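Structure assessment
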Amino acid sequence: MGNSSSSITSPAEHSSSPTSSDLNAKERAEQEFPSMNQLVEVDSRYDEKMTSFEVDCSDGNGEPIACHHVGEYYSVVKDDHPTAAKIYQVNCDKKHHAPSCFNLGKLILAGKGTPQSDSKAEKLFAKACEDQHWVACYHQAALMYLEDTPESAALSPQPSADEPFYDEKSKTKRKAQGLSIFERACKEGNADSCHIAGSHYLNTKHADRNPAKAIEYLGKSCEKNHVKSCYNLAV
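Residues numbered from 1 in each chain as written. Predicted model: local features only at pLDDT ≥ 70, side-chain atom pairs only at ≥ 80, totals over all residues. Heavy atoms only, no water.

**A closer look at the packing of aromatic side chains**
Test applied: Geometry of aromatic contacts follows a simple scheme: Phe, Tyr and Trp rings, the Trp one being its six-membered ring, pair when their centres are within 6.5 Å, and the pair is stacked under 30 degrees between planes, edge-to-face over 60, tilted otherwise. Think of it this way: any DSSP run of H or I at least four residues long counts as a helix, any run of E at least two long counts as a strand, and we number them from the N terminus. Residue exposure (1.4 Å probe, protein chains only): buried if accessible area is under 20% of the type maximum, exposed if over 50%, otherwise partly exposed. Only when the NZ atom of a Lys or the CZ atom of an Arg is both within 6 Å of the ring centre and within 35 degrees of the ring normal do we say a charge sits over the ring.
For the coordinates displayed, the defined rule picks out five aromatic pairs. Ring centres of Y138 and F182 lie 5.7 Å apart, and the angle between their planes is 50 degrees; this geometry places the pair in the tilted category. Taken together, the residues span a long stretch of sequence, with Y138 in helix 9 (residues 134-145) and F182 in helix 11 (residues 168-187) at a distance of 44 residues. Per residue, the accessibility class of Y138 equals that of F182, and both read buried. Between the aromatic rings of Y201 and Y217, the centroid separation amounts to 6.2 Å while the plane-to-plane angle is 40 degrees, which identifies the pairing as tilted. Pair noted here: Y201 is in helix 12 (residues 191-202) and Y217 is in helix 13 (residues 211-223), with a separation of 16 residues, a long-range link. Looking at R174, its charged tip hangs above the ring of Y166, at a distance of 4.2 Å from the centre. Here the guanidinium or amino end of K175 rests over the ring plane of Y145, the centre of that ring lying 4.7 Å away.

**Let's talk about the environment of E223**
In this fold, E223 is placed in helix 13. In this structure the C-alpha to C-alpha distance between E223 and A191, which are 32 residues apart in sequence, comes to 8.6 Å.

**Focus: helix 11**
Selection criterion: The span expected for a helix works out to 1.5 Å for each residue beyond the first.
The terminal C-alpha atoms of helix 11, which comprises 20 residues, lie 29 Å apart, in line with the 28 Å expected from a rise of 1.5 Å per residue. The first or second residue beyond helix 11 is G189, which carries a positive phi of 105 degrees.

**Describing the nonpolar core**
In plain terms, the rule: Nonpolar cores were defined as sets of buried Ala, Val, Leu, Ile, Met, Phe, Trp, Tyr and Cys residues, with membership established by side-chain atoms within 4.5 Å.
Grouped together as the largest cluster of nonpolar side chains are 21 residues, with contacts concentrated most on C137, I181 and F182. Residues A84, L107, I108 and L109 belong to the second largest nonpolar core, which totals 17 residues.

**Things to note about helix 6 (residues 81-95)**
Filter applied, for reference: Working note: the arc is built from the helix axis to C-beta atom directions. Here, two residues are considered to be in contact whenever any of their heavy atoms come within 4.5 Å of each other.
An ideal rise of 1.5 Å per residue puts 21 Å on 15 residues; helix 6 measures up with 20 Å between its terminal C-alpha atoms. Those residues of helix 6 lying buried are H81, A84, A85, I87, Y88, N91 and C92. The buried residues of helix 6 occupy an angular sector of 165 degrees when the element is viewed end-on, so they sit on one face. Looking at the packing, one finds that the buried side of helix 6 touches helix 5 (64-77), helix 7 (98-110) and helix 8 (118-130). At the exit of helix 6 stands H96, carrying a positive phi of roughly 55 degrees.

**Some remarks on the environment of S117**
Note the threshold: Here a polar contact is taken to be a pair of N or O atoms separated by no more than 3.5 Å, where protein atoms must pair a possible hydrogen donor with a possible acceptor and residues adjacent in sequence count only if both atoms sit in side chains.
With respect to the helices and strands, S117 occurs in the loop between helix 7 and helix 8. Here S117 falls in the buried class, since its relative accessible area comes to 1%. Sequence spacing of S117 and D162 is 45 residues, and the spatial spacing of their C-alpha atoms is 7.9 Å. The contacts of S117, once residues within four sequence positions are left out, are I108, D162 and E163. Side chain to side chain, S117 and S119 meet in a polar contact 3.2 Å long.

In structure tokens, the structure reads:
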């Protein structure tokens, strides 16, 4: 998968199949980790609070929410992604804390503090999704749904050695599974998932085109002020 800019250029674009401009989970993951020069200086009280969380975390043996906060502190405030990844890993494996599984997946997807791997990130998103972390469901579905698009093939023609190979039949199956996950996450209130599902069913090139479903899903997303969904409904 690769990065692509997202913009609205014409009504025709919005009736076409969702592309990496809509589903660029990797780009989103990178944007969600600001560098230190984008952050205000953290005062001593915040450091003290994080020290308290570290005590409560007790090297992964304490409260999972405390460990998760410590991981976020190292990732966002200290810009120490390797340490954050280790904390998230323990909290995900030992405590099954969905937000930590999701955050670890984002780090792996972006290749921050850990080797980049779409497949490993997808597994972590799936684990968090099973615990009803709906944003993780969106990320999982995005990796599956984009697999057979020209954008993905052009930007990643040679998968790394540890990435699984999917033939065309498998890609088609995974795309359908991804769409199903989008629909489930949409019904639970994830606006981005609603937008992709609605755009899929709006596409005249899809055999399963369903204008009624498209209006339903785009409507749900528009209600949450998703601009592209509102635009699709308007045109």
